[in-house]
Amino acid sequence: AWEFAKENQGYVDLVLHPNTGCMHDDHSLRATWAVAPTQDEAPVINIMEFPCNFPATGCNDTALGSNPPSCLCDTPLDSDAPEDSCMYCTRWY
């Protein structure tokens, strides 16, 4: 699927990332970019806006009624440390 996406990306940037629950690292350290042919470098993602940075956790923003999606927490987070993750991040969502 990744090879197909890259071959057919046109003029959009693509990011491939795991979904471990550690949103910060999944979208930065573990991410792979396929940059559009018109770009010289990958776009910047504000990773401190991701509320869950503890592996195997996530948000159910639909159930929480959170808008914008943020697990009902204030972002940006203080740091990417697991202890600074949003208190509403859960293993079951």
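A quick note: this is a predicted structure, and the numbers were derived from the prediction, not measured.

Participant: Would you take a moment to explain the overall build of the protein chain for this structure?
Facilitator: Check the secondary structure of the protein chain and you find three helices and two strands. Its helices and strands in sequence order give the protein chain the pattern α-β-α-β-α, from N to C terminus. Each principal axis of the C-alpha distribution contributes one length, and for the protein chain these read about 40 × 25 × 25 Å. Looking at the protein chain residue by residue over its 93 residues, the buried ones come to 33%. Of the contacts made within the protein chain by residues no fewer than 6 positions apart, 54% connect residues no fewer than 24 positions apart. Surface summary for the protein chain: the accessible area is close to 6,200 Å², and the carbon and sulfur share equals 54%.

Participant: Just checking my understanding: could you explain the state of the cysteines for this structure?
Facilitator: Formally, a disulfide is one covalent bond, and it connects the sulfur atom of one cysteine to the sulfur atom of another. Across all of its chains, the model carries three disulfides by this definition. What pairs with Cys59 in a disulfide is Cys71, and their sulfur atoms sit 1.7 Å apart. Looking along the S-S bond of the Cys59-Cys71 disulfide, the torsion reads about -120 degrees, which is the left-handed sense. Residue Cys59 is located in the loop between β2 (32-34) and α3 (61-64), and its partner Cys71 is located in the segment after α3; the two are separated by 12 residues in the primary sequence. Residue Cys71 is classed as buried on the basis of its relative accessible area, which comes to 0%. Here Cys73 engages in a disulfide with Cys86; their sulfurs sit 1.7 Å apart. Across the S-S bond of Cys73 and Cys86 the torsion is about 65 degrees, and the bridge reads as right-handed.

Participant: What is the right way to read the nonpolar core from this model?
Facilitator: The nonpolar side chains of a soluble globular protein tend to be buried with one another. One finds Met23, Ile47, Phe50, Cys52, Cys59, Cys71, Cys73, Cys86 and Cys89 forming the largest nonpolar core, which totals nine residues. In this view, Cys71 contacts Pro51, Cys52, Gly58, Cys59, Asp61, Leu64, Ser66, Cys86, Tyr88 and Cys89; residues no more than four positions away in its chain are not counted.

Participant: I would appreciate a short explanation of unusual backbone geometry in the present structure.
Facilitator: Residues other than glycine predominantly adopt negative phi, and peptide bonds predominantly adopt the trans conformation. Residue Thr75 is joined to Pro76 through a cis peptide bond whose omega torsion reads 10 degrees. Looking at where Pro76 falls in the secondary structure, it is placed in the segment after α3. Positioned with a positive phi, Ala56 is a non-glycine residue whose angle comes to about 70 degrees. Tracing the backbone through its elements, the reader meets Ala56 in the loop between β2 and α3.

Cut-offs applied
Sequence order as written defines the numbering, with residues in each chain counted from 1. Where totals are concerned, whole chains, interfaces and linings use all residues; where local detail is concerned, this predicted model gives features only for residues with pLDDT of at least 70, and gives and counts side-chain atom pairs only at 80 or more. By convention in this description, side-chain values take in all heavy atoms of the structure and omit both hydrogens and water. Put simply, DSSP marks the helices as runs of H or I at least four residues long and the strands as runs of E at least two long, and each gets a number from the N terminus on. Exposed residues in this analysis have more than 50% of their type's maximum accessible area, buried residues have under 20%, and partly exposed residues fall in between, with area computed by a 1.4 Å probe over protein chains only. Between two residues, a contact is recorded if the distance between any of their heavy atoms is within 4.5 Å. To measure how exposed things are, a 1.4 Å probe is used in the Shrake-Rupley method; for residues, cover is taken only from the protein chains shown. By disulfide we mean two sulfur atoms from cysteines, separated by a distance within 2.5 Å. We define a nonpolar core as any set of buried Ala, Val, Leu, Ile, Met, Phe, Trp, Tyr and Cys residues linked to one another through side-chain atoms lying within 4.5 Å.

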